[in-house]
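Listed below, chain by chain, are the residues.
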Amino acid sequence: MDASTSPTAPLDRVLTNCRVIDPANNIDGRLDVGIRAGRIAAVAPDLIRQPHRGALDLGGAVVTPGFVDVHVHVYEWVTNFGVAADAAGVHSGATTIVDQGSTGAWTFGGFKAFIVDPARTDVRAFVSINVAGALKGGMEGEALHNPGMVRVDELVGLAAAHPRVVRGFKCHGESGALSHWDLAVFLKAVEAGKRAGLPLYVHTGELFPVDETHRPSPEAVLPKVLPHLKPGDMLAHVYSSMPDGVVGRGNRVPDVVRAARDQGVLFDLGHGVNLSFRIARMMMDAGIYPDTIGSDVHGDFNSYHDLSILDYSLAGAVNKLLALGMSLGDVIARVTAAPARFLGDATIGALTPGNPADLTVLERVDGDWTFRDSEGERIAVTARWVPRLVIKDGDVIVPDCGLLSDLLPADGRPLGVTRPFAGVQQAAVPARR
Ligand SMILES: [Zn+2]
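Quick caveat: nothing in here was measured; it's all calculated off a predicted structure. (Residues numbered from 1 in each chain as written. Predicted model: local features only at pLDDT ≥ 70, side-chain atom pairs only at ≥ 80, totals over all residues.)

**Digging into the overall build of the protein**
Selection criterion: Think of it this way: any DSSP run of H or I at least four residues long counts as a helix, any run of E at least two long counts as a strand, and we number them from the N terminus. Only C-alpha atoms enter the radius of gyration, while the globule expectation follows 2.2 Å times N to the 0.38, with N the number of residues. Neighbour density around each residue's C-beta defines its exposure: 20 or more other C-beta atoms within 10 Å make it buried, 12 or fewer make it exposed, and counts between make it partly exposed, where C-beta atoms are placed from the backbone. Here the contact rule is simple: place C-beta atoms from the backbone, and any two residues whose C-beta atoms are within 7 Å are in contact.
A tally of helices and strands in the protein yields twelve helices and 15 strands. Against the compact-globule benchmark of 22 Å for 433 residues, the protein has a radius of gyration of 21 Å, which places it among compact chains. Along the longest, intermediate and shortest principal axes, the C-alpha atoms of the protein span 70 × 45 × 40 Å. Counting only residues that meet the buried cut, the protein has 53% of its 433 residues in that class. Pairs at least 24 residues apart make up 77% of the contacts formed inside the protein by residues separated by at least 6 positions.

Pasting the structure below:
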């Protein structure tokens, strides 16, 4: 151990004058956070009185473990709908992001070299069940996704070779895929997940182009798919109003969904174009909350590298669930402790001493604002929580918030209405072109 990492060395940085919410460690209180050698050294009162090299007075802001977004699409330039990893990550307030299915076993090399390795953000992947990945938004290209394009051995081998990055497999339980291949592709994903000992992340709601001569009845889709899932697998888009989705066309929680939940299947918000406030209220009334809050941030499916219609974000989703009545602590748990558990990685999502110093700093901004859902319903609020700083491996980054269109006015992004935190300088984030 060299002098700078010794437990008796001065702290590199102390975050002070803040409310720390760390659900994994049952912490919610006015505490300081001490950082040494890029890691959490301590979370305790009055660390500011200990020897330290630098301090950040956070002016009463909320400090949490770095947000973990379990659903993004960041194979930029290779898929037509991928966004830059750091735009979805540190510049949106998240220190860890999980790409869902952009890369397949045969395209993973480029994903690792050109996306994961250069990013400031900690990028993980649920690898697509087909060898190519999701090259085109909306899963066009039937030949790319048919059962002959699945190699279970290669998926299992890839996961073994890249255990830090590959945390599971992405697959689809929806009308289009079933209309072409019935369960043939899906069951290969189930096999891969069991053999690799990794979770599946299962898209729900119509996505693939449907073969109309074999369209399944919407109510038949999830009853076919759900019995094959194992505890720890996760369903996406839990508050969607899609006819073949988790709730479907009814106005109650289907029995098969309740049964899956009782057996340990997890639910992700998977915001995207799939968040209905009406469905959310109905599900919350029935006691069903998302286990995690994924943003599903991506560009326009029908264009190339076009973010002009992107109108949702992880931080926006956090605020919408608050507006629907969840508590701040419950929502923070779903972007920190819960996704870390899902990913099987205790070094993220928790301010446990020794963990990488990955943190998100949220500031409450007062003022009228309106959130909108996929059905056009609006909710008015008078305050919202905005990510103002991210700390990644101990380095302070001021997020540019460029993708937070549901949370910040376009002409004021970054917000620019609150004073800068004392002592913060913009850390260098490599320009991504
Ligand atoms: Zn997605």
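**A short note on the nonpolar core**
We count it as follows: For this entry, the nonpolar core is defined as buried Ala, Val, Leu, Ile, Met, Phe, Trp, Tyr and Cys residues connected by C-beta atoms within 7 Å.
The biggest cluster of nonpolar side chains holds 132 residues, and the ones touching the most others in it are V74 and F169. Looking at this core element by element, the count peaks at six residues for helix α6 (residues 184–196). Residues contacting F169, with those up to four places away along its chain left out, are F126, V127, I129, L155, A189, A192, G193, L198 and L200.

**Brief notes about the environment of G402**
Turning to its location among the elements, G402 is positioned in the segment after β15 (395–397). For G402, a count of 17 C-beta atoms within 10 Å translates into the label partly exposed. Sequence separation of G402 and R384 is 18 residues, and the distance between their C-alpha atoms is 17 Å.

**What to know about the domain arrangement of the protein**
What counts, and what does not: Domain delimitation follows an automatic or database domain assignment. Throughout, the ten residues Ala, Val, Leu, Ile, Met, Phe, Trp, Tyr, Cys and Pro are labelled nonpolar, Asp, Glu, Lys and Arg are labelled charged, and all others, Gly among them, are labelled polar.
Along its sequence, the protein is organised into domain 1 (3–63 + 353–366 + 383–412) and domain 2 (67–343). Centre-to-centre, using C-alpha coordinates, domain 1 lies 29 Å away from domain 2. With six residues, strand β14 (residues 378–392) is the largest single contributor of residues to the side of domain 1 that touches domain 2. Its residues assigned to classes, the side of domain 1 that touches domain 2 shows 13 nonpolar, three polar and six charged.

**Some details on helix α9 (residues 277–285)**
Test applied: This arc describes the spread of directions from the helix axis toward the C-beta atoms.
Within the span of α9, buried status applies to F277, I279, A280 and M283. The arc that holds the buried residues of α9, viewed along the axis, is 160°, so those residues lie on one side. Packing partners of the buried residues in α9 comprise β14.

**Brief notes about unusual backbone geometry**
In terms of backbone geometry, most residues other than glycine have negative phi values and most peptide bonds are trans. In this structure, M139 is a non-glycine residue whose phi angle is positive, near 55°. By the secondary structure assignment, M139 is in the loop between β8 (122–128) and α3 (142–145). Using a count of 22 C-beta atoms within 10 Å as the deciding quantity, one classes M139 as buried.

**Thoughts on the packing of helix α4 (residues 152–161) against α6**
For the record, the criterion: Each axis is a line fitted through C-alpha atoms, taken for helices only over the stretch in contact, and angles between the N-to-C directions span 0 to 180 degrees. Helix crossings get a hand from a simple test, with the near helix turned counterclockwise from the far one by less than a right angle marking a left-handed crossing and a clockwise turn marking a right-handed one.
Between α4 and α6, the shortest axis-to-axis distance is 9 Å and the interhelical angle comes to 35°. Considering only the axes of α4 and α6, their crossing is right-handed. Taken together, the residues of α6 that come into contact with α4 (itself represented by V152, L155, V156 and A159) are K188, E191, A192, R195 and A196. Grouping the constituent residues of the contact of α4 with α6 by class yields six nonpolar, no polar and three charged.

**Focus: the environment of G272**
Its location among the elements puts G272 in the loop between β12 (266–267) and α9. A residue is classified by how many C-beta atoms lie within 10 Å of it, and G272, with 22 of them, is buried. Separated by 35 residues in the primary sequence, G272 and H237 place their C-alpha atoms 8.1 Å from one another. In this structure, G272 is in contact with H237, D296 and Y312, ignoring residues within four places of it in sequence.

**A short note on the confidence of the model for the protein**
Rules: Scored from 0 to 100, pLDDT reflects the predictor's confidence in each residue.
With 94% of its residues at a pLDDT of at least 70, the protein reaches an overall mean of 93. This model gives residues 425–433 a pLDDT under 50, and the stretch forms twelve contacts once residues within four places in sequence are excluded.

**A word on the sheet that holds strand β7 (residues 94–100)**
The cut-off we apply is this: When DSSP finds two or more bridges between a pair of strands, those strands are recorded as paired.
One open sheet accounts for seven strands, arranged β6-β7-β8-β9-β10-β11-β12; its pairing is parallel. Looking along the sheet, the strands with just one partner apiece sit at the ends: β6 (67–72) and β12. Of the pairings in the sheet, the one linking strand β9 (residues 166–173) to strand β10 (residues 200–204) comprises five bridges and is parallel in character. Paired with G173 across the two strands is T204, which belongs to β10.

**Quick look at the pairing of β6**
In terms of residue burial, β6 counts as a mostly covered element, since six of its six residues are buried. Relative to β7, β6 runs parallel, the two being bridged by four bridges. Among the inter-strand pairings, D69 is bridged to a residue of β7, identified as I97.

**Details of the pairing of β10**
Note the cut-off: Note on handedness: a clockwise path from strand one over the helix to strand two, with the strands aimed away from the viewer, defines a right-handed crossover.
In terms of burial, β10 is a largely internal element, five of the five residues being buried. Side chains of β10 alternate between two faces, with L200, V202 and T204 and Y201 and H203 buried alike. Across two bridges, the pairing between β10 and strand β11 (residues 234–235) is parallel. Paired with V202 across the two strands is L235, which belongs to β11. One crossover worth recording links β10 to the parallel β11 by way of helix α7 (residues 218–225), and it is right-handed.

**Notes on the environment of G205**
Counting through the fold element by element, G205 comes out in the loop between β10 and α7. Judged by the 24 C-beta atoms lying within 10 Å of it, G205 falls in the buried class. Distance in space between the C-alpha atoms of G205 and V221 is 9.3 Å, their sequence separation being 16 residues. With residues up to four places along the chain from it excluded, the contact list for G205 reads E174, H237, S240, M242, D244, G245 and N274.

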